[in-house]
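# Report on the structure
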Amino acid sequence: MKKFPGINLVYLLSCFILTGFTSFDRAKINPEDIIGSWESGPAENRTVRINTDNVFSVATYNLPGKEFIKSYGGTWRIEDAKLIEKIEWNSAEPAQVGREFSYTADIRDGRLYFPQNNQTWNRVDDGKSGELAGAWIISGSFSGDKVSKRQNPFYPRRTMKVLSGSRFHWIAYNVESKQFINAGGGTYTSNNGKYTETIEFFTKTPESVGKTLGFRYSFVNGDWRHQGEKSTGGPMDECWSRRETFEKQ
């Protein structure tokens, strides 16, 4: 058998290793792998990420201290093996609104990993359970069984609710002025017309943290009818529409 000089063996081995690493770096992450909710950090500095089909929301808060720290989010997509995020709100850095950021992302042992900052997220759910999973925009209110729709619910001000299978965030912001207004979130369950929230952060009234609130939900012409009592007191009967209905207009 023909023997190769040592230098050729080193060269061939180097090419093989380089090709292997290049293939790994360029391996495409599946969008379905990211959908759901993810969590990192201790309770005193908890960060929760929710990814729907094309919307993401991130919130950091001190749960035992009932302190909101920051929130940002917007839309996302996978492009050229990169996770591309376009910012719609950022409570800490409003100058980022409208900008796109590109990241390398990977799923390792069921965890979402960002090698740029060595950040690892633990999966909470896959976003598949629950009728309400997705991104919703408040579009009006009900009086009796009659709905009154808002004239401009999507631009420039938006009040959005983002839900995975077990986590929810709601955010109020202005995409034109880049103003972050309010946010809240926590865990939820939905079953047989009963929707229950447990509040983990709330910018309006931090004393609401820890409360569990029960509501009724139903679907009216594809909209979510959200009925019950506000966390601050008083009745509510809201209409929420899926975000994609506005994006198609």
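For the structure, see preceding data.
Residues numbered from 1 in each chain as written. Predicted model: local features only at pLDDT ≥ 70, side-chain atom pairs only at ≥ 80, totals over all residues. Heavy atoms only, no water.

Taken in spatial order, the nine strands line up as 6-5-4-3-2-1-9-8-7 in an open sheet, and their pairing is antiparallel. What marks the edges here is a single partner per strand, and that holds for strand 6 (100-103) and strand 7 (106-108). Recorded for the sheet is a direction-independent mean angle of 30 degrees between the axes of neighbouring strands. Sheet topology note: the strand 4 (residues 67-79)/strand 5 (residues 82-90) ladder contains eight bridges and is antiparallel. Counterpart to Arg 77 in the pairing with strand 5 is Ile 84. (Pairing = 2+ DSSP bridges. Helix = DSSP H or I, 4+ residues; strand = E, 2+ residues; numbered from the N terminus. Axes fitted to C-alpha atoms, helices over the stretch in contact; angles between N-to-C directions.)

All right, on to a positive patch on the surface then. A contiguous patch of positive charge, built from Arg 150, Arg 157, Lys 204 and Lys 230, is present on the exposed surface. Examined against the element boundaries, Arg 157 turns out to sit in strand 12 (residues 157-163). (Patch = residues over 30% accessible without salt bridge, like charges linked within 9 Å, V, L, I, M, F, W, Y side chains within 5 Å. Areas by Shrake-Rupley, 256 points an atom, 1.4 Å probe, with all protein chains shown as cover. Salt bridge = Lys/Arg side-chain N within 4 Å of Asp/Glu carboxyl O. Lys, Arg positive; Asp, Glu negative; His and termini not counted. Charge placed at Lys NZ, Arg CZ, Asp CG, Glu CD.)

With respect to the element layout, Glu 176 can be found in the loop between strand 13 (167-174) and strand 14 (179-191). Spatially, the C-alpha atoms of Glu 176 and Gly 98 are 9.2 Å apart, while their sequence positions differ by 78 residues. If we ignore the near neighbours within four places in the chain, the residues touching Glu 176 are Tyr 155 and Pro 156. Engagement of the side chain of Glu 176 in a polar contact is seen with the side chain of Tyr 155, the distance being 3.5 Å. (Contact = heavy atoms within 4.5 Å. Polar contact = N/O pair within 3.5 Å; in protein donor to acceptor, adjacent residues only side chain to side chain.)

Purely geometric numbers; function is a separate question.
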